[in-house]
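Descriptive analysis of the structure
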Amino acid sequence: MSDASIYRDKFPQKNPDGTNQIDLENGKFIKIWQGPNHPGITGNMSLELVIQGDEVMECKTHVGYLHRGFEKLMERRRFIQCFPICVRIAVPEPDFNEYCLSATFEELAGIEIPEAAQWMRTLLLEMARLQSFLMWIGGQAGSFGMGVIGQWSNYARDLVLDRFEEITGGRIYHMHMTPGGVRGLAPEGFEKRMEENLVEIEMIMKDIQTTMFENAVFKKRSIGLGYIDPSWVYDYGITGPNARAAGIPKDVRKDYSYLKYTELDFEVITGKDSDAYTRADLRRREIHSSIDLIRQILAKMPKSGEYMAKVPNVLHWKIPKGETYVRSECTRGEFGYYTVTDGSGYPRRINVRGPSYTHAVALMEKLAVDCNIADTAGLMVSLHTYPPEIER
Amino acid sequence: MSLKDVLKPFTAWKNLILEPVSIKKPLERQGAPRYRGFHQNDLEKCIGCGTCEEICQNAAIDMVPVDGVETKPGDSGLRPQIDYGRCCWCALCVDICTTNSLTMSNQFQWIDSDPEVFRFTPGADPKYWDNSELGYRKPELYELYNTERVKVEELHPEERDRSFIEMVKGFSKEQAMRESDRCVECGLCIATCPAHMGIPSYIKAVRNDNIEEGLRVLYETNPLPEICGRVCTHKCETVCAMQYKGDPLSIRWLKRYIADQVNSRDYQKILGTENLQKNKKKVAIIGAGPAGLSAAYYLSLMGYQVKIFEALEKAGGMTRYGIPEYRLPYDQIDKDVKYIESLGVEFQFNTKIGTDIPLEKLRKDFDAVYAATGLHLGRSTRIKGSDHEKCYQAVDLLREYTLGQEIDVQEKIVVIGGGNVAMDIGRTLARLQNQKFGKVQLIITSLESEDIMPADREEIVESREEKIRIEPGWGPKDIKIKDQTIQGLNVIKCLSVFDDEGRFNPVFDTDQKNFFEADMVVEAIGQGMDIEYMKGVVLTERHKVKVDKNFQSSEPWLFVGGDIVSGPDAISAIGNGHQAAKGIDQYLNQ
Amino acid sequence: MKELIARLKKQFKITDEVYQKPDQTYITVPQEQAVALVTHLRDYEGFNHLVLLTAVDWIEENLFQLIYLLNNNDFKADLGVRVMIDRHEATMTSIHHLWKAAATYQRELKEMFGIDFPGSPRVDEPFILEGWDNIPPYRRDFDTKKYSEETYFPRPGRTTHDPAEYMKKKLYPED
């Protein structure tokens, strides 16, 4: 529990469960909506805030502005037809959807994908992490009023997107991992161009380091903001950088190593202060780790070979009855697909476990209380949430 | 926090003197070579199979007719129209395209104020990115179905070259399931099949392991599935969409698989023909070949009392007396025939209309007559020496062999002809040679060069496996006879068989000669018909019986079909027997 | 994993066990034992991470399958606890007291499947679908295609042809 409550006066009164007693009629509270269209909100969601002065007394997360019922839509589609849909569940990182979806189908259908496809998937997932962190860092800086950082980091992200475009033919929705393998290996000269980009990104990161992380404004506003107690991690289902910043070394890539991560050398990065600054800094270190991993992957991955397993005719593909859960470590934490099949040509149920589901709702509602209203945007971004994976 | 933290951010000012990174002319930016941009479609390559429409998970594709693209066998004449209001650029349509005609360009910029233009038919509506070299193509090693045919098991040449045991073993369940899985259900084959069989439906039944349903689909259009499942000319396979990336489906073997799985005892139950209601009307059918059997089957389903008159001693026609047993075992013919018989169809064998019973009598005793007597007369080359007693007609020999008569096989044989009958007689005689002499010395020579030989490819391959020599591209000149015995066949080079208009008009080079040693010659260059018994009906210019689309001749009560009006092949005969049955039904219900 | 299941079997009525992969197992327990089992797993077996809680609609059998996917990060193992509940009286004991995050899952299940969790905080408040007046949309009997056809309008002027039908019309119309 944040210590702020100890120093507050007796108004408003606390409920037994620690929440504030609010009476909207007494004129001392204002209810405002932050979002769904608000520059300080990640994507389309909104926070229903009750404030007293400039402090948040109560927060309720509202989602549903992006609900398209992907899980349900996939139940009405053939297995192969799911991958163009699932990418939309986390726009900045579609690859994790593609991977988890394909992996569950492959597992249930008993398909082993070729070596080169596994390496390709590892590369794409790590590139996805890199570009997503880069985009996030701009968002975090922007929410504290530092717009220029976002311009730099988005330029850096665009460089990664160029490489995505080269491999997959798409910048945002890559649709490269399909059930059974991938749609091709890296073209000629890819490693060289990627390396040039990585060097440039490292330069940009150096600038970001000095202008953002060593910036008095950013430090002042983010240090101490949104403290997550390590004891909450399991209670609130916190994963990824949010948990690691609290000192809990949870990383799916290490704990439940998938694809080729066992053959790669990396450390689980943890922090200890568990506030917005620690989380930001942790993600900055993740970017460097990601760059290092991409270099390792490029050095190790085969340049040729089979990249698609034999699949039955996808028009009539039936997968035997079964259920499984496949997880991966996306930038926000544990991203997983729980897939149930019933022996027909369509999935019975697909449930997407997006890390934002717990971070943006239960956790955000707790952390926002007693926070300055100007900091809610920064707080929210520091949890790194994507609304579409909450409402799917 | 320190003073350093306040000052350090100012290092960002250095960007003022750096070169900007933004793209100056974004409209000129090129997509990556694999970019998934606007679609392009090679209209020539596209066959309008509609698989792209089927796979599109956004329902963005419609199949529409396009000016200048004609509907013809193997091409529906439809082309995909894409609604970019729905397309999500996932390129599944490109991956699944059976001909690789549909691709994507790397162009992604197109501005227009009219939303309707964003629905167009790639290839037919010209666009600036047409024929773009770059853009997404189906990756080479990426297949969404199996392009290779499941091999059907056959006897090895050594196992079969002296026996008449059926050489094709047929699919096992697992093989049939795998093969049927390859079908994309486009249905282009239906139009090409002379009987318009519901091919995708019965393949689907195999895939779903629903054999009874499969049998029902077969009998909707073809009452001789065991026969057809073995010896059909499978024209359907020549238009199969799967052939462009790999092998066409083994449609024929899948059909056989269905029929083979069902015990003949269960046919009536499965097909729901246990209690057929009979009416009073009677139809006579002349000839118990595929056409006659097919007509008899559909007529008896409609309730008519059907009687078949057959000149030979068993039913089946050419499929029994023309096709050797290693291709079509007699018990399989019996299975199909027996089921038709079980519906109340009467057979009278060893009765030739015209000699044993005049046609007039049938006219009196029956309400309608269907004549399908087939092509049982061999055609001769009429070259010098072809009247020698050791020069035979293929159809005669095949019939005699089936009837169990002794064939006077010689050590060296030449067969003239390049069709399936030539292969049938050649392979039959080769087996007999093997049995008698322990070796094969047999040449099949044809007018046509090998690429246009009318025989099935596999027949040619298998003949060679059975040590038959094939000599294509020679025209027979004369049979060399010395001391009343045949010495061999003199041939000259045939340069072309058809003229520019596609008519039969062979051109020879008399300087290129060859001589094939032989002491027996068999002619297999075609068959003729004997229609003396229906004297009086109107004939066409080409001396065939003139019939309308229901196979009704100039005599309203007389319907004519089978090989004597179309074909020759079993599946056309079955198709027109079915059509004639509908025609007779119409005629009798006027 | 097998040892753990054997241990659990002494206390709970486990009717079905599927060893999906070395670190993932699914077990089925009766509805009345489910929360006790989940609590036991959390408190005594180290399965303290609620990965997800969702439902599968087995409409043919008139059942909802609830799945509590629990994770033990020390043993690196997942255990899916399946509970089959009646589809018509879809009510389940809440586990919001075990995990704070569970309330969100339960709220979504109420809204999307119509499964009630009495006592769960804000369980009746709309979560994703504000103003929804149809049946819970993730149930199998809710037809998304039909709904979309009724709710939205198709773009005019679209017609398609089935290749086989079209060829029949063009090449052999009489038959």
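Residues numbered from 1 in each chain as written. Chains lettered and ligands numbered in written order. Predicted model: local features only at pLDDT ≥ 70, side-chain atom pairs only at ≥ 80, totals over all residues. Heavy atoms only, no water.

1. Considerations on the overall build of chain B
Applied cut-off: Strands are runs of DSSP state E lasting at least two residues, helices are runs of H or I lasting at least four, and both sets are numbered from the N terminus onward. Contact between two residues is taken to exist if any of their heavy atoms lie within 4.5 Å; hydrogens are not considered. For accessible areas, the Shrake-Rupley method is used with a probe of radius 1.4 Å. Any residue's cover is judged against the shown protein chains and nothing else.
Looking only at helices and strands, chain B has 20 helices and 20 strands in total. When the backbone C-alpha atoms are referred to their principal axes, chain B occupies close to 120 × 65 × 45 Å. Long-range pairs, those at least 24 residues apart, make up 71% of the contacts in chain B between residues at least 6 apart in sequence. When the accessible surface of chain B is split by element, carbon and sulfur atoms take 49% of a total near 26,500 Å².

2. Description of the pattern of salt bridges
Basically, it comes down to this: Salt bridge criterion: a side-chain nitrogen from Lys or Arg within 4 Å of a carboxyl oxygen from Asp or Glu. Only protein chains enter the accessibility calculation, which uses a 1.4 Å probe. A residue is then buried if its area is under 20% of the maximum for its type, exposed if over 50%, and partly exposed in between.
Overall, the coordinates contain 105 salt bridges over all chains when judged by the stated rule. As a salt-bridge pair, Asp43(C) and Arg42(C) come within 3.0 Å of each other at their nearest N and O atoms. The exposure class assigned to Asp43(C) is partly exposed, which follows from its relative accessible area of 41%. On the basis of relative accessibility, which here comes to 27%, the residue Arg42(C) falls in the partly exposed class. Members of the salt-bridge network, linked through shared partners, are Arg160(B), Arg327(B), Asp424(B), Arg427(B), Arg431(B), Glu459(B), Glu462(B), Glu465(B) and Glu466(B).

3. A look at the nonpolar core
Our working definition: We define the nonpolar core as a collection of buried residues of types Ala, Val, Leu, Ile, Met, Phe, Trp, Tyr and Cys that are connected through side-chain atoms lying within 4.5 Å of one another.
Grouped together as the largest cluster of nonpolar side chains are 315 residues, with contacts concentrated most on Met534(B) and Leu66(C). A total of 15 residues in this core trace back to one element, the largest contributor, which is helix H5 (residues 115-143) of chain A. Among residues more than four places away in sequence, those in contact with Leu66(C) are Leu53(C), Thr54(C), Ala55(C), Val81(C), Arg82(C), Val83(C), Ile85(C), Met92(C), Leu109(C), Ile115(C) and Phe117(C). With 22 residues, the next largest nonpolar core counts Ala91(B), Val94(B), Trp110(B) and Trp129(B) among its residues.

4. Looking at the interface of chain C and chain A
What counts, and what does not: What counts as buried area is the accessible surface, traced by a 1.4 Å probe, that two parts surrender upon association, with contributions from both included. Residues are grouped as follows: Ala, Val, Leu, Ile, Met, Phe, Trp, Tyr, Cys and Pro are nonpolar; Asp, Glu, Lys and Arg are charged; every other residue, Gly included, is polar.
Contacts between chain C and chain A engage 49 residues on the former and 46 residues on the latter. Buried area between chain C and chain A, summed over both chains or domains, comes out near 4,000 Å², and the portion from carbon and sulfur atoms is 47%. The three residues of chain C that bury the most area against chain A are His49(C), Tyr138(C) and Arg140(C), which together make up 16% of that side's buried surface. At the surface where chain C touches chain A, the tally comes to 11 salt bridges. Secondary structure elements with two or more residues in the side of chain C that touches chain A: strand E1 (16-21), strand E2 (24-29), strand E3 (49-58), strand E4 (63-72), strand E5 (77-86) and helix H3 (102-113) of chain C. For the side of chain C that touches chain A, a count of residues per class yields 23 nonpolar, 11 polar and 15 charged.

5. Points about a nonpolar patch on the surface
Residue and element names in this part refer to chain B. Operational definition: Each patch is assembled from residues with relative accessible area greater than 30% and no salt bridge, linking like charges that lie within 9 Å and nonpolar side chains (Val, Leu, Ile, Met, Phe, Trp, Tyr) that lie within 5 Å.
A surface patch of nonpolar side chains, about 940 Å² in accessible area, is lined by Leu3, Val6, Leu7, Phe10, Trp13, Leu16, Ile17 and Leu18. Looking at the secondary structure, you find valine 6 in helix H1 (residues 3-7). Using a relative accessible area of 41% as the deciding quantity, one classes valine 6 as partly exposed.

6. Some points on helix H17 (residues 394-402) of chain B
Residues separated by three or four positions in an α-helix point in the same direction, a consequence of the helix having 3.6 residues per turn. Taken together, the buried positions of H17(B) are occupied by Ala394(B), Val395(B), Leu397(B), Leu398(B), Arg399(B) and Thr402(B). Among the residues trailing H17(B), Gly404(B) stands out with phi positive, at a value near 90°.

7. Quick look at the sheet that holds strand E8 (residues 346-348) of chain B
All names here are of chain B. Rules: Strands pair, by our definition, only if DSSP identifies at least two bridges between them. Interaxial angles span 0 to 180 degrees and are taken between N-to-C directions of axes, which are lines fitted to C-alpha atoms, for helices over the stretch in contact.
Strands sit in the order E8-E7-E6-E9-E20 across an open sheet of 5 strands; the sheet is parallel. Of all the strands in the sheet, just E8 and strand E20 (558-560) have a single pairing partner and so form its edges. Recorded for the sheet is a direction-independent mean angle of 20° between the axes of neighbouring strands. Strand direction decides the pairing type here: strand E6 (residues 282-286) and strand E9 (residues 368-371), joined by 4 bridges, are parallel. Looking at E9, one finds that isoleucine 286 is bridged to alanine 371. In the packing of helix H20 (residues 570-588) onto the sheet, contacts are made with E6, E9 and E20, and the angle to E9 comes to roughly 165°.

8. Points about the domain arrangement of chain B
Spelled out, the test is: Domain segmentation is taken from an automatic or database assignment of domains.
Considered domain by domain, chain B is made up of domain 1 (30-120), domain 2 (157-269), domain 3 (276-376 + 540-588) and domain 4 (377-527). Using C-alpha coordinates to define each centre, domain 1 of chain B is positioned 50 Å away from domain 4 of chain B.

9. Here's the deal with the side chain of Ser105(B)
Structurally, Ser105(B) can be placed in the loop between strand E4 (102-104) and strand E5 (119-120). Apart from the residues lying within four places of it in its own chain, the contact partners of Ser105(B) are Tyr35(B), Arg36(B), Gly37(B), Phe38(B), Gln40(B), Trp129(B), Ser132(B), Leu134(B) and Gly135(B).

10. Comments concerning the pairing of E5(C)
Residues and elements named next belong to chain C. Of all 10 residues that make up E5, 8 are buried, and the element is covered over most of its length. With 6 bridges joining them, E2 and E5 adopt parallel strand pairing. Across the sheet, tyrosine 26 pairs through a bridge with glycine 80, a residue of E5. Judged from the 10 bridges that link them, E4 and E5 form a sheet pairing that is antiparallel. Opposite leucine 63, over in E5, you have aspartate 86 as the bridge partner. Linking two consecutive strands that pair antiparallel, namely E4 and E5, is a turn of 4 residues; a positive phi of about 55° is found at lysine 76 within it.

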